[in-house]
Amino acid sequence: MTNAIIEQLREKMESSVEALKRELVKIRTGRASLSLLDGIKVKAYGSLLPMDQVGALTVPENNLIIIKPWDPQVLPAVEKAILASDLGLTPSSDGNVIRLTIPPLTGDRRKELVKQVKKTGEEYKVAIRAVRREANDTLKKLKKEKEISEDEMFTLQDSAQKETDTFVSLIDEIVSGKEKEVMEV
């Protein structure tokens, strides 16, 4: 029972780290990446479809993404979806393919992105600590109901703290890596 609490804590923290990774992938680094298009839905065939389900996506150059819809009639919907997204990119179309040119980042924009990366990292650290607090509250409740001893409670709280420290340092590593990627010219 008590090991299940620590295991559950670990699973929640792992899912927070995965969510952080997905979040950071969306922050563009001046380099073309298909992950920029993750989360953009295209209104086609009466429903919202992910970008990769309406056409072929390629990155032929460092700063260019090409989208070739399988059905040319979907082209305007793809353009509209890109414009409506928060990417800040303007698609250019020749009637067959859409080109997304990724502009190089200025020094100021890079600094803004680093701040955004750090802020996102802090938000996920807070989430990790909230998971720890939740586990500690559960342990205190179990001790109060006399299901575990005080020694067990302190031992498990110590385990929860160690897990928290591990995941917080993992988040720091991920954030640091993304900062380097953003600042790379």
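Data block above holds the structure.
Residues numbered from 1 in each chain as written. Predicted model: local features only at pLDDT ≥ 70, side-chain atom pairs only at ≥ 80, totals over all residues. Heavy atoms only, no water.

A.B. asks: Quick rundown of the pattern of salt bridges? Include the residues and the values.
C.D. replies: Taken as a whole, this structure holds 10 salt bridges when the rule is applied. Between Arg10 and Glu7 there is a salt bridge; the shortest N-O distance is 2.7 Å. Within this pair, Arg10 and its partner Glu7 are both found in helix α1 (residues 2-25), separated by 3 residues, close to a single helical turn. Its relative accessible area of 24% is what places Arg10 among the partly exposed residues. The network of salt bridges with shared partners includes Glu7, Arg10 and Glu163. (Salt bridge = Lys/Arg side-chain N within 4 Å of Asp/Glu carboxyl O. Helix = DSSP H or I, 4+ residues; strand = E, 2+ residues; numbered from the N terminus. Buried < 20%, exposed > 50% of the residue type's maximum accessible area, 1.4 Å probe, protein only.)

A.B. asks: A description of the packing of helix α3 (residues 107-144) against helix α4 (residues 150-183) should follow, citing residues and the corresponding values.
C.D. replies: One way to put it is that α3 packs onto α4 with a least axis distance of 10 Å and a crossing angle of 170°. Here α4 runs roughly antiparallel to α3, going by the angle between their axes. A class-by-class count of the residues in the contact of α3 with α4 yields 15 nonpolar, 5 polar and 11 charged. (Axes fitted to C-alpha atoms, helices over the stretch in contact; angles between N-to-C directions. Parallel < 35°, antiparallel > 145°, perpendicular 65-115°, else oblique. Nonpolar A, V, L, I, M, F, W, Y, C, P; charged D, E, K, R; others polar.)

A.B. asks: Which residues make up the sheet that holds strand β4 (residues 64-69), and what are the values?
C.D. replies: Within a beta sheet, neighbouring strands are joined by backbone hydrogen bonds and run either parallel or antiparallel to one another. Read across the open sheet, the 4 strands follow the order β3-β4-β6-β5; overall the sheet is antiparallel. Looking at strand neighbours, the two that pair on one side only are β3 (55-61) and β5 (92-93), the edges of this open sheet. Pairing between β4 and strand β6 (residues 98-101): 4 bridges, direction antiparallel. From the neighbouring strand, Leu64 faces β6, where its bridge partner is Thr101. Packed on one face of the sheet, helix α2 (residues 75-84) meets β4, β5 and β6 and runs near 20° to β6. (Pairing = 2+ DSSP bridges. Contact = heavy atoms within 4.5 Å.)

A.B. asks: Give me the lowdown on the pairing of strand β1 (residues 41-44), citing residues and values where you can.
C.D. replies: Burial of the side chains of β1 is restricted to one face: Val42 and Ala44 are buried, whereas none of Lys41 and Lys43 on the reverse face is. Pairing analysis gives 4 bridges linking β1 to strand β2 (residues 47-50), with the strands arranged antiparallel. Considered in β2, the bridge of Val42 is made with Leu49. Hairpin connection of β1 to β2: 2 residues between the antiparallel strands, including Tyr45 at a positive phi of 55°.

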